[in-house]
Amino acid sequence: MRLENETALITGAASGIGRSTAERFAEEGARVIVTDVDGDGGEAVADDLAADGAEAEFHELDVTDGEAFHAVVDAVDESYGLDVLVNNAGTGHPSSRLEDTADSMRDFVIDVNVKGVWNGCHAALPHMKDRGEGAIVNVGSLASILGLPKQAAYSLSKGAVLNLTRAIAAEAGPYGVRANTVCPGFTDTALLEQYLAGRDDPEAAREAMAEEYPLKRLAEPEEVADAILFLASDEASFVSGHGLVVDGGFSTC
Ligand code: NAI
């Protein structure tokens, strides 16, 4: 699954799944464009990759800022040609019933999780279509295919990501561009820590969650990164519009 001479831009790459994805792409020889709203964290990831011999650079980017997203994508495409876009940046929200969820929280989640992905696709698609090739991988969630209680805003946003991806696959396929979604189950990252922090006993809650998975554990970010890598690679050359569930079998039983 080598990605030599390929350039991949990954959003939210300072932490968790995005960071692991940046590391896996670098291992496969890709030039990695690390982006994140977290300047120090993103810089540190790019520095670590470069120290290990990878070609990596950091661009501070808030995915909710469409103009800024266009500027970064345009610059990267002009310098190297953008082959892969991984729209990974995302946010959660404290668990609450729909009727107790503030409009501002709903809007915040949609801004990051939906408009952020939209902005990335909006910026990258013209370049990829012009060149007649490219792969977009959007990070959805089990909440793309399941409705999670007390996670209505998150479910709304991640459902939108899956169907947006399908629309892009249909629209951009004739130009040689593929688009897919990865739908992870609970994955051991800072986002999960935040989710668990709202519980009375976070460690007990984590163990109870893991117990519900057939594999009796949660995902490691590297396992999600491997699925993203596959969807971005030539090994997935005829896979488009797909939602690849990475949940240890949770949603099938
Ligand atoms: P994380 O919290 O470890 O990493 C998220 C990264 O996104 C952080 O570096 C953060 O600074 C960045 N970010 C947040 N808002 C941003 C913005 N507006 N612009 C640019 N960067 C921004 O979380 P994790 O778990 O690695 O999440 C990555 C993706 O995976 C998200 O889309 C999330 O919804 C999704 N996901 C996570 C699951 C989990 O259990 N951890 C399960 C299913 C999906």
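The notes below deal with the structure included here. Quick caveat, the model's predicted, so the values are computed rather than measured.

Observations concerning the side chain of Thr35
Summarising the element assignment, Thr35 is placed in strand 2 (residues 31-36). Owing to a relative accessible area of 0%, Thr35 belongs among the buried residues under this scheme. Side-chain polar atoms of Thr35 contact the backbone oxygen of Ile10, separated by 2.9 Å. The contacts of Thr35, once residues within four sequence positions are left out, are Leu9, Ile10, Thr11, Gly12, Ala13, Phe58, His59, Leu61 and Val72.

What about the packing of helix 6 (residues 190-197) against helix 7 (residues 202-211)?
Angle between the axes and distance between the axes: these two values describe a pair of packed helices. Where helix 6 contacts helix 7, the axes come no closer than 9 Å and their chain directions differ by 115°. The angle between helix 6 and helix 7 places the two elements in the roughly perpendicular class. The chirality of how helix 6 crosses helix 7 is right-handed. Side by side, helix 6 and helix 7 meet where Leu192, Glu193, Tyr195, Leu196 and Ala197 of the first sit next to Pro202, Ala205, Arg206 and Met209 of the second. Here the residues of the contact of helix 6 with helix 7 sort into 7 nonpolar, no polar and 2 charged.

Some remarks on the sheet that holds strand 7 (residues 243-246)
Sheet architecture is open: 7 strands sit in the order 3-2-1-4-5-6-7, paired in parallel fashion. What marks the edges here is a single partner per strand, and that holds for strand 3 (56-60) and strand 7. On average, adjacent strands in this sheet sit at an angle of 20° to one another, irrespective of strand direction. Direction of pairing for strand 4 (residues 84-87) relative to strand 5 (residues 134-139): parallel, over a ladder of 4 bridges. Residue pairing for strand 5: Val86 is matched across the bridge by Val137.

Looking at the site of the ligand
Of all residues adjacent to the ligand, which total 27 residues, the nearest are Ser15, Asp36, Tyr154, Thr187 and Thr189. Within the backbone of Ile17, one N or O atom sits 2.8 Å away from an oxygen atom of the ligand. In this structure, an oxygen atom belonging to the ligand sits 2.6 Å away from a side-chain N or O atom of Tyr154. With the chains in place, 91% of the 820 Å² that the ligand exposes on its own is no longer accessible.

A few points about helix 7
Among all positions in helix 7, only Ala205, Arg206, Met209 and Ala210 are buried. In an axial view of helix 7, the angular spread of the buried residues amounts to 135°, which keeps them on one side of the axis.

Considering the packing of helix 4 (residues 103-131) against helix 5 (residues 152-172)
Viewed as axis vectors pointing N to C, helix 4 and helix 5 meet at an angle of 15°, and their least axial separation amounts to 9 Å. When the axis of helix 4 is compared with that of helix 5, the two are roughly parallel. Crossing of helix 4 over helix 5 shows right-handed handedness. For the pair helix 4 and helix 5, the contacting residues are Arg106, Val109, Ile110, Asn113, Val114, Val117, Trp118, Cys121, Leu125 and Lys129 in the first and Ala153, Tyr154, Leu156, Ser157, Lys158, Ala160, Val161, Leu164, Ile168 and Ala172 in the second. Residue classes in the contact of helix 4 with helix 5 are distributed as 15 nonpolar, 2 polar and 3 charged.

Describing the nonpolar core
Counting residues in hydrophobic clusters, the biggest one holds 29 residues, and the most contacted among them are Phe25, Val32, Val34, Leu49, Val182 and Ile228. Among the elements that make up this core, the one with the highest residue count is helix 8 (residues 221-232) (6 residues). Judged by nonpolar contacts, the second largest core, of 26 residues, contains Leu61, Leu125, Val161 and Leu164.

Focus: the pairing of strand 2
The buried count for strand 2 comes to 6 of 6 residues, which makes it a mostly enclosed element. Judged by which residues are buried, strand 2 turns out to be covered on both faces: Arg31, Ile33 and Thr35 on one side and Val32, Val34 and Asp36 on the other are all buried. Bridge count between strand 1 (residues 7-10) and strand 2: 4 bridges; the pairing is parallel. Of the residues in strand 2, the one forming a bridge with Leu9 is Ile33. Running through helix 1 (residues 16-27), the crossover from strand 1 to the neighbouring parallel element strand 2 is right-handed.

The rules behind the values
Residues numbered from 1 in each chain as written. Predicted model: local features only at pLDDT ≥ 70, side-chain atom pairs only at ≥ 80, totals over all residues. Heavy atoms only, no water. Helix = DSSP H or I, 4+ residues; strand = E, 2+ residues; numbered from the N terminus. Buried < 20%, exposed > 50% of the residue type's maximum accessible area, 1.4 Å probe, protein only. Polar contact = N/O pair within 3.5 Å; in protein donor to acceptor, adjacent residues only side chain to side chain. Contact = heavy atoms within 4.5 Å. Axes fitted to C-alpha atoms, helices over the stretch in contact; angles between N-to-C directions. Parallel < 35°, antiparallel > 145°, perpendicular 65-115°, else oblique. Left-handed = near helix turned anticlockwise from the far one by under 90°. Nonpolar A, V, L, I, M, F, W, Y, C, P; charged D, E, K, R; others polar. Pairing = 2+ DSSP bridges. Near = heavy atom within 4 Å. Areas by Shrake-Rupley, 256 points an atom, 1.4 Å probe, with all protein chains shown as cover. Arc of directions from axis to C-beta. Core = buried A, V, L, I, M, F, W, Y, C linked by side-chain atoms within 4.5 Å. Right-handed = clockwise from strand over helix to strand, strands pointing away.

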